[in-house]
Amino acid sequence: MKRFLAPGRDVPASFVVFLVAMPLSLGIAVASGAPVEAGLIAAIVGGIVVGVLGGSPLQVSGPAAGLTVIVASMIETYGWRATCAITMCAGLLQIGLGACRVARTALAVSPAVVHGMLAGVGVVLILSQLHIVLGGSPQHSALANLTDLPRQILSQHSLAVFLGVLTIAVLLLWERSPWRRVPAPLVAVATATAVAWFGGFDVPRVDLPESLLVHWGPPSLPQVRIQDLVGAVVAVALVAGVESLLCSVAVDRMRPVGVPRSDLDRELVGQGAGNFVSGLLGGLPVAGVVVRSTTNVRAGALTRGSTVLHGAWVLVLALSCGAVLERIPLSALAALLVALGLRMIDRSHLRGLRPHRETLTYWVTMGGVVVLGLGEGVLVGVGLAACLALRRLTRVSVRTEQRDGRWHVVVEGSLTFLGVPKLTAALAEVPPGAPVDLDLDVDFMDNAAFDAIHTWRVSHERLGGRVDIDEIHESWYESAMTGESSPPRKSAGSSRWWAPWANRNRSQLEPLEEASPREILLAGVREYHGSTARLVRPIMAELSMAQTPDHLFITCVDSRVVPNLITASGPGDLFITRNVGNLVPRYGARVPDDSVMASVEYATSVLNVRTITVCGHSMCGAMAGVLAGGSETEHLPQLSNWLKHANHSLDRFLHQPGPEGPETPLARLCQVNVMQQLENLLTYPWLKRRVELGELELVGMYLDLATAKVHILDPEQSRFLTVPDSVGPPGDRPARSGDKSQGATASPA
């Protein structure tokens, strides 16, 4: 059964998240103009209700800065109790959408719009909270805040300014300190509170009521036009829902081994339940929050128990430590939100958008949110993104050239009536009677385009020319000619990319018996250029500026082990180190070799990888040589010298019980060797410290060549477990290496 709580990892992680959530929840409530306790109620409900019912085990929900602008506008327009009623209705709408299983549809919103929206909210948040930091009051709009800011800067020099600047300074310095494991927001707010307390500063502070529900009243819908009410409900539901789903996807990329992927539909239902309960109890709208969720993962959480416990800690503190919370200066919370707003304007997103030419959508959405408002700005951004997408979808490229006495015309893109003028102009350049190769690499062709091509072809062949039409992917022209109404068939693709050269259809390669190894290699490169390069070019162009892998993969040089194949990974996913026997020399080894640890050091210190995997395999020649006592490699001095690093594996194989499952001594040694190399990594003090702090995870893998099955090491049981065949609901019983039940779930490594 799935665990609800891993006490050793989840309890400390929940406390770290609680320390981050407390000041942020209070600050967001103040920035929204809601009662202060509304932020605490939302944090409690987001932790407990969404934590139990949601579909993302490690995501932490609560009041989100991205909803601040919407909530502030609703409170100003409808009042607080009506805002709570709108929050409840938004929750019901989210539950309905989740029940209809439309969560994936919400992810169809362009990331450029989402990031632009968050950046716009960040700007609005900064402009409003700067006034509080300066000791004044925010204006009614972002533009008014901006125009009034110079006057505020020149006229306000109170103690509140000092506390706000102090909070930001502590935030920046603490995140670069050796003690950054303690959350910087907590330290910054605590420092400002202590200075204000002991200094006797007369500044506005948090005004917390005696009870969380002292201001509670039944939520009531406002007496306004139904379309205005529906618009407010939809705005809260969609913005909170999309933000939560995007956060779930981001957390999935960071989740440790063994933690299941998020169920987005269930997560949307959980968020809806959280919003309904939060609105009912008088809390702010809740959503999945990236800051708290990433903190939860980095703190080492393994189950949803961490999220639930964080909500419980907020409840305990709110009930027992109200006097302490009331000492917090409002300017410190405002400064905290200024820093949070700056983080929402994340320029790193622009690096990902720039290669796809989507930065315009980002800036327009951001500007629209600041100038027009959240809903209007998002609509402008969505409209621009749709127009740009339509323009790209109808873009067509036509190239003509003459070589070897023939004309070559290449058409790429979506061939619609919009591209007919460009196409006919290019075809008009072909002289009458000339032989023509017309390559149609198009993903769509409408009737106008087909008619233009066919009319030209008939005319050209009537004048003595010959036209050879080659449809590279989909047979749109052929289908139109034959009147076939079924979807266009895919043309025969190239042979399977993962098959060895000797096993593949070599229609485009030289025959094996006649080709030299160099010719075979070059023929493979030509096949790559002809069929694969253009498909991966957008990915490689994006990765060409920087690599950001999350995994260091240490494996054997054996040609039968293909890391990207057995992990279904692509360019930029794995930082791979290979050597004979997938060995890691121990710290202070007699036979020094820095090559492996140089890769480990670079991967962890420069690339910030979070996982190191050591992958061994069956029938390993290196382990066979070690098992034979070195007799097979004694005539190879360099190899013999290197294999001395496997002596600890051999000693462990001979004197300690090995993992269960392997039927042969060689297979058992291959698995023991993986376990030993993981221990060798821990002999390096700096690396062991990172593992103990939860900043790095070590994983053991074993590939059985005969069955093509990958097994993962369970360190608690010291055995390798079969990874499930498919991505589905995991089974209840782990499968041992060699177990015939291949569909069981492996415990986390």
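Preceding this paragraph is the structure being described.
Residue numbering note: each chain is counted from 1, following its sequence as written. With the structure being a predicted model, the display of local features is reserved for residues of pLDDT at least 70 and the display and counting of side-chain atom pairs for 80 or more, all residues being used for whole-chain, interface and lining totals. Based on all heavy atoms of the structure, the side-chain values leave hydrogens and waters out of the count.

## Details of a nonpolar patch on the surface
Just so we agree on the cut-off: Without a salt bridge and with relative accessible area above 30%, a residue can belong to a patch; like charges are then joined within 9 Å and nonpolar side chains (Val, Leu, Ile, Met, Phe, Trp, Tyr) within 5 Å. Accessible areas in this description were obtained via Shrake-Rupley with a 1.4 Å probe; residue shielding takes into account the shown protein chains only. Here, a salt bridge means any side-chain nitrogen of Lys or Arg that lies within 4 Å of a carboxyl oxygen of Asp or Glu. A run of H or I in DSSP becomes a helix once it reaches four residues, and a run of E becomes a strand once it reaches two; helices and strands are each numbered from the N terminus.
On the surface, Phe-4, Leu-5, Val-11, Val-52 and Leu-53 cluster together to form a nonpolar patch covering roughly 380 Å² of accessible area. Note that Leu-53 resides in helix α2 (residues 36-53).

## Regarding the sheet that holds strand β6 (residues 466-471)
The following threshold applies: The criterion for strand pairing is that DSSP finds at least two bridges linking the strands in question. In this analysis, axes come from line fits to C-alpha atoms, helices being fitted only over the stretch in contact, and the angle between any two N-to-C directions falls in the range 0 to 180 degrees. Every residue pair with non-hydrogen atoms within 4.5 Å of one another is taken to be in contact.
What the 4 strands build is an open sheet, ordered β3-β4-β5-β6; its pairing is mixed. Where the open sheet ends on each side, the last strands, each with one partner, are β3 (396-403) and β6. Averaged over all pairs of adjacent strands, the angle between their axes in this sheet comes to 15 degrees, without regard to strand direction. Sheet topology places β3 next to strand β4 (residues 406-415); 8 bridges connect them, and they run antiparallel. Considered in β4, the bridge of Val-398 is made with Val-411. Where helix α19 (residues 420-427) meets the sheet, its contacts fall on β3 and β4, and the angle it forms with β3 comes to roughly 5 degrees.

## Here we look at the side chain of Asp-265
Note the cut-off: Each residue's exposure class comes from its accessible area (1.4 Å probe, protein chains only) as a fraction of the maximum for that residue type: buried when under 20%, exposed when over 50%, partly exposed otherwise.
Positionally, Asp-265 belongs in helix α11 (residues 264-281). Relative accessible area serves as the criterion here: at 11%, Asp-265 is assigned to the buried category. In contact with Asp-265, not counting residues within four places along its chain, are Gly-98, Arg-101, Val-102 and Ala-103.

## Concerning a positive patch on the surface
Put simply, the rule is: Here Asp and Glu are counted as negative and Lys and Arg as positive; His is not counted, and neither are the chain ends. By convention, the point assigned to a charge is CZ for Arg, NZ for Lys, CD for Glu and CG for Asp.
Among the surface-exposed residues, Arg-357, Arg-391, Arg-392, Arg-395 and Lys-422 lie close enough to one another that they form a single positively charged patch. Locating Arg-391 in the fold gives a position in helix α18 (residues 374-393).

## Notes on the sheet that holds strand β8 (residues 574-579)
One open sheet holds the 6 strands; their spatial order is β8-β7-β9-β10-β11-β12, and the pairing between them is mixed. Every other strand in the sheet has two partners, leaving β8 and β12 (719-722) as the edge strands with one partner each. Strand-to-strand twist of the sheet, defined as the mean angle between neighbouring strand axes without regard to direction, takes the value 30 degrees. With 6 bridges joining them, strand β7 (residues 551-556) and β8 adopt parallel strand pairing. Pairing of Cys-556 across the sheet is with Asn-579, part of β8.

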